[in-house]
Amino acid sequence: MPIERKSRQRDAILADLKSRYDHPTAKELYNSVRECIPNLSLGTLYRNLSQLEENGQIIRISDGTNDRFDANITPHAHFKCLSCGKLYDIVSIKNDSYGFSDENIGQIYGYSLMLYGNCKICCENRENIN
Ligand SMILES: [Zn+2]
Ligand SMILES: [Zn+2]
């Protein structure tokens, strides 16, 4: 495949990911990128995602079930709602130790943190049902 086309596909994937904050799975991303690149294959998408990840342009997050992708590369934590399955960014964790203290920690360079529970919307909906 010519390099030009290759990088055009990668640019389209990155642009799509940058335009959203829902942390899509590869399949979800595939469905939306195919609207502008109809002949994109799932294999090509996976390859591009790995490449973007290696380049440090995106991050891959496992939510316990699926791999999800995020174009927000500043270190941040995530919160997964177990009712609706949404993955939210948590941006309020800012200090150096991220709220954790442990005698085994020497130096922290970053973090990957996943919180689980029910999101505010699901909690409110539940209250309305009861
Ligand atoms: Zn929810
Ligand atoms: Zn995120």
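Above this note sits the structure.
Report follows, based on the coordinates. (Residues numbered from 1 in each chain as written. Chains lettered and ligands numbered in written order. Predicted model: local features only at pLDDT ≥ 70, side-chain atom pairs only at ≥ 80, totals over all residues.)

A word on the sheet that holds strand β5 (residues 114-117). Taking strand neighbours across the sheet as the criterion, the 3 strands line up as β4-β3-β5 in an open arrangement whose pairing is mixed. The open sheet has two free edges, formed respectively by β4 (87-90) and β5, since each of these has just one partner strand. Geometrically, the sheet is characterised by an average inter-axis angle of 25° between neighbouring strands, direction not taken into account. Relative to β4, strand β3 (residues 77-81) runs antiparallel, the two sharing 4 bridges. If you follow Phe79 over to β4, its bridge partner there is Tyr88. (Pairing = 2+ DSSP bridges. Helix = DSSP H or I, 4+ residues; strand = E, 2+ residues; numbered from the N terminus. Axes fitted to C-alpha atoms, helices over the stretch in contact; angles between N-to-C directions.)

What follows is about the environment of Ile61. Note that Ile61 resides in strand β1 (residues 59-62). C-beta crowding within 10 Å serves as the criterion here: with 17 such atoms nearby, Ile61 is assigned to the partly exposed category. The spacing of Ile61 and Pro24 is 37 residues in sequence and 10.0 Å in space, taken between C-alpha atoms. (Buried ≥ 20, exposed ≤ 12 C-beta atoms within 10 Å, placed from the backbone.)

Below, the discussion takes up unusual backbone geometry. Residues other than glycine seldom take positive phi values, yet His23 does so here, at roughly 50°. Following the sequence through the fold, His23 ends up in the loop between α1 (3-18) and α2 (26-33). Classification of His23 by C-beta neighbours within 10 Å gives buried; the count is 25.

Helix length check: helix α3 (residues 42-54), at 13 residues, gives a terminal C-alpha distance of 18 Å against a target of 18 Å (1.5 Å per residue), a fit within 8%. Taken as a whole, α3 has its buried residues at Leu45, Asn48 and Leu49. End-on view of α3: buried residues confined to an arc of 105°, all on one side of the axis. For α3, the exposed residues lying more than 90 degrees away from the buried face are Gly43, Ser50 and Glu54. In the segment just after α3, Gly56 is the residue with positive phi, at about 75°. (Expected span 1.5 Å × (residues − 1). Arc of directions from axis to C-beta.)

What follows covers the environment of Tyr30. Note that Tyr30 resides in helix α2. In this structure the C-alpha to C-alpha distance between Tyr30 and Asp16, which are 14 residues apart in sequence, comes to 9.9 Å. With near-sequence residues (within four places) excluded, Tyr30 lies in contact with Leu42 and Leu45. (Contact = placed C-beta atoms within 7 Å.)

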